Amino acid sequence: MSDHNDQNDNSTGHEWDGIRELKNPPPTWWAWGFYIGLSFVTAYYIIYPSTPLNNKIQEVVNGVTGMEVLVDGHTKGIMALVNSNPYYQGDTWTQAEIDALKAKGHTELTIKAGDLKYQDGWTAVNEMRDDVAEIELIRAASMKKLETMSVDEIIADDQMRQFTLGRSKVLFGDNCAACHASGGQGNLNAAHPEYSFPNLTDDDWLFGGWTAKIMETITSGREAAMPAKGGNEDLTDADVDSLAKFVIAMADGSAAVNDDGALTKGSFAGANALFQETCAGCHGANAKGSLVNGDFDTGAVNLTDGIWRFGGDMATVRDTIANGRVAKMPAFGGRLDEVSLKILTVRVHQLGGGMDGEPQ
Amino acid sequence: MSSVAEKDQYNYDIVKFCVITGIVMGVLGTLVGTFVASELAFPWLNMDIAEISFGRLRPVHTNVVIFGFGGFLLYGAGLYMVQHTTHARIAFEKVAWTGVALWLIGCLAVVVTLPLGMTQAKEYHEAEWWIDIILALSWVCLTITFLGTVARRKMSHIYVGLWFFMTMLFMVTYIFVFNGLCIPVDMSFSYSAYAGIHDAMTQWWWGHNAVGFFLTAGFIGVMYYFVPKHANRPIYSYRLSVLHFWSLTFLYVWVGAHHLHYTAIPDWTLSLGAGMSVALIFPSWGGMINGMMTMSGAWDKLRTDPVMRFMVVALAFYGMSTFEGPLMGTKSVNALSHYTDWTVGHVHSGALGWNAMIAIGAMYHMITRMWNTEMASEKLVNLHFWIHLTGAVFYITAMWGSGVLQGLMWRAFDEYGNLVYTFADSVAAMHPFYALRALGGFLVFLGLSIMLFNTIKTIGAVKAGTNTPLRAAD
């Protein structure tokens, strides 16, 4: 046994399982890289906050002894000297806060109202605030205008409309797209009709496509319910079937009723009689829905335009009539600020079906 | 050779068990990985079953590949090389077998409990407290055996591969136990001993050093035995191995905070992590250079020996990912890369490129030596190499593309200062990358399946039991 051999080569003389090791020095470029790495870390720690210190330094920095509100002792880095924080000015002391500290016994306080609370150097939060401030500066003028302009004024102003539409995309995507889809095209869910949501890009409105009504819908939400069998418990299964056939026929144009509820096309006399008795109360004698008939609040759909809220196949229509439907749009008034609500109103109005003028 | 007494032979039985289990774990882990990757590309695959949803199965994948595949490779290769580089049979064999058995029990418990939703919700440390205890006990068994065997060595100097292994044994015990401290409620639930930023700091102190010591120091140790042994060349530089061993060991423990850039962690802590990360590039490269330069005079083996190719390409990937990692650990790059798939790509360039390839190389080497035979099909080994490499490259490039695209989409502003894309837009843009990633993962799984098949055929062809006497005193 020996782990030293007498080979006269460039080896350390150790050997394990036949493996020897040579006495080559590390490559020069590696050694340089190693030292540069250590220099980098030193420089990095001088530039950025890096070293935790005790509170004594904090006291000197703030001119306050034993201040428990500022336990943030660490080196600030030389970025504190060069970073002027062009946008974010940092939090400042108020007289009330200083008085409160003095009341706690910190009578030696030398800070004045308006002094910076923290020595601003590079901090991740300041960097974020700077970035946000920079972006806000770009949009500040337009955002300021949004506060005072009405939705209709925004739509009429080309430049402001473009800005608002650009601004609306993410707002719409984050708040509306989950139901109405990212393009606002809605969602007709064949497997689960109850998870179907209205298309916002057409001109078929439930509660009105005027800007005032869109704003109202987004702000306060909407709720609509169709009772099972239209609330008429006397309807038989056969009645439901014949109503379903009639509704589908109206949608595809093979049946029609006039404003007085008289059948003008198709042979659905019996079904129309049932319709006028049970459904016309909400959908109107002309089956054109509540909005067309001047009712802004019911949200009963137009059955004559071939646009379906929950699906137009026989099974779904039958299910809708037999079991009713409940639909709800949540209110965004409490979640989004006034400007965001305006922005979304502009987007929904401009998706394709916006109605002009005042609600009528 | 039956004339040689057992105590004068290497204990290959335990190594054989670990290697075979490791390959099986690799096949299982990459199969689960391929499935969860496919779920991201085609979400209907979760079939509305909670137990197979991405959130439940993803940690099964990470645990099985890291602790199952990687762990059994470390157990197997560690017990193999410690015997070979001490010229001694392993010490405390019953303790060693207990350790291996506990590790297997721990891994199987992870596979069962995580899909059921029992988790500590700590990344790479998801297993509940009682599984932690099983794994920790197993690790202590391995440590006792390993140190006992080193104490039996028949030479004064300890081989460099063993230094790295011993560092791993010590550090992994330390970080695993401290990160796992908790108050158990029942078998399926516990409260972490830490809260808020302390929890986050401790978690990434563990998380990054699991990479640093389990997947780096341990695997560098493996590299230090199997590369020079397989190439039949001496280690290039003793001094370099000393320098990069100590600098790597000292620097790695600091860098975990770079996982938490732009969070509530104090800025000075993050600077410490970022700075040390950059300083870590060259200590990490020391291992790559020593391995690569060891190849000088043996480069021709790359043309003919796919096992050598596995090892050398592993070193190249190691060099690449230890450059990429520090880059991503700096604040400015991290501002783009954080929370994106770039991180996932980086991890897999280390995991598929470095860890898996050096592990596979070492496994092929050990199989032929322990069963004293050639692989049943050298062509399949070659095929495995190319399939694995293609899969790894598909995976990594897909995640680079996807990650950088995500990062850029999230921070894109139009001329008015408005965000251009919604979050959902960025999700939709990921689809082709996710499909390519799933394909890459599948190829890695396919390669490991070929390896398992080839291994079974190889072992099946070995008729008589073999035993190998300890290396004679030189």
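The structure presented is a predicted model; accordingly, all values stated were derived computationally and were not measured.

Draft legend 1. A look at the overall build of chain B. A count of helices and strands for chain B gives 16 helices and two strands. Whereas a compact globule of 474 residues would reach a radius of gyration of roughly 23 Å, chain B reaches 22 Å, a difference of no more than 12%. Burial status across chain B gives 59% buried among its 474 residues. The long-range fraction of contacts in chain B, counting pairs at least 24 apart against all pairs at least 6 apart in sequence, stands at 83%. Taken together, the 24 basic and 24 acidic charged side chains of chain B have centroids lying 16 Å from each other.

Draft legend 2. Main features of the environment of Thr149 of chain B. All names here are of chain B. Relative to the helices and strands, Thr149 is located in helix α4 (residues 129-151). For the pair Thr149 and Asp186, spaced 37 residues apart in sequence, the C-alpha to C-alpha distance is 38 Å. Residue contacts for Thr149: discarding those within four places in its chain leaves Val82, Thr86, Ala88, Arg89, Ile90 and Ala91. A polar contact is formed between the side chain of Thr149 and the backbone nitrogen of Ala91, at a distance of 3.0 Å.

Draft legend 3. Highlighting unusual backbone geometry. All names here are of chain B. Notably, Met47 is not glycine yet its phi reads approximately 50°, a positive angle. Not every positive phi belongs to a glycine, and Asp48 is a case in point at roughly 60°. What makes Asp48 exposed here is its relative accessible area of 78%.

Draft legend 4. Region of the structure containing the packing of helix α9 (residues 281-294) of chain B against helix α11 (residues 306-329) of chain B. All names here are of chain B. Relative orientation of the contacting elements α9 and α11 amounts to 170°, with a least axis distance of 9 Å. Here α11 runs roughly antiparallel to α9, going by the angle between their axes. Every residue of α11 that contacts α9 at Ile281, Ser284, Trp285, Gly287, Met288, Gly291 and Met292 is listed here: Val312, Leu315, Ala316, Tyr318, Gly319, Thr322, Phe323 and Pro326. Looking at the contact of α9 with α11 residue by residue, the class counts come to ten nonpolar, five polar and no charged.

Draft legend 5. View of the packing of aromatic side chains. A complete count under the given rule lists 45 aromatic pairs over all chains for this structure. Ring plane angle 90° and centroid distance 5.0 Å describe the contact between Phe164 of chain B and Phe245 of chain B, whose orientation is recorded as edge-to-face. Of this pair, Phe164 of chain B sits in helix α5 (residues 160-179) while Phe245 of chain B sits in helix α7 (residues 238-252); the two residues are 81 residues apart in sequence, bridging distant segments of the chain. Across this residue pair, the class does not change: Phe164 of chain B and Phe245 of chain B are buried. Directly above the ring of Phe332 of chain A sits Arg335 of chain A, whose terminal nitrogen or CZ lies 4.5 Å from the centroid. Above the plane of the ring of Phe172 of chain A lies Arg347 of chain A, whose end atom (NZ or CZ) is 5.4 Å from the centre.

Each value, and the rule that gives it
- Residues numbered from 1 in each chain as written.
- Chains lettered and ligands numbered in written order.
- Predicted model: local features only at pLDDT ≥ 70, side-chain atom pairs only at ≥ 80, totals over all residues.
- Heavy atoms only, no water.
- Helix = DSSP H or I, 4+ residues; strand = E, 2+ residues; numbered from the N terminus.
- Rg over C-alpha atoms; globule rule 2.2 N^0.38 Å.
- Buried < 20%, exposed > 50% of the residue type's maximum accessible area, 1.4 Å probe, protein only.
- Contact = heavy atoms within 4.5 Å.
- Lys, Arg positive; Asp, Glu negative; His and termini not counted.
- Charge placed at Lys NZ, Arg CZ, Asp CG, Glu CD.
- Polar contact = N/O pair within 3.5 Å; in protein donor to acceptor, adjacent residues only side chain to side chain.
- Axes fitted to C-alpha atoms, helices over the stretch in contact; angles between N-to-C directions.
- Parallel < 35°, antiparallel > 145°, perpendicular 65-115°, else oblique.
- Nonpolar A, V, L, I, M, F, W, Y, C, P; charged D, E, K, R; others polar.
- Phe/Tyr/Trp six-rings, centres within 6.5 Å; stacked < 30°, edge-to-face > 60°.
- Lys NZ or Arg CZ within 6 Å of the ring centre and 35° of its normal.

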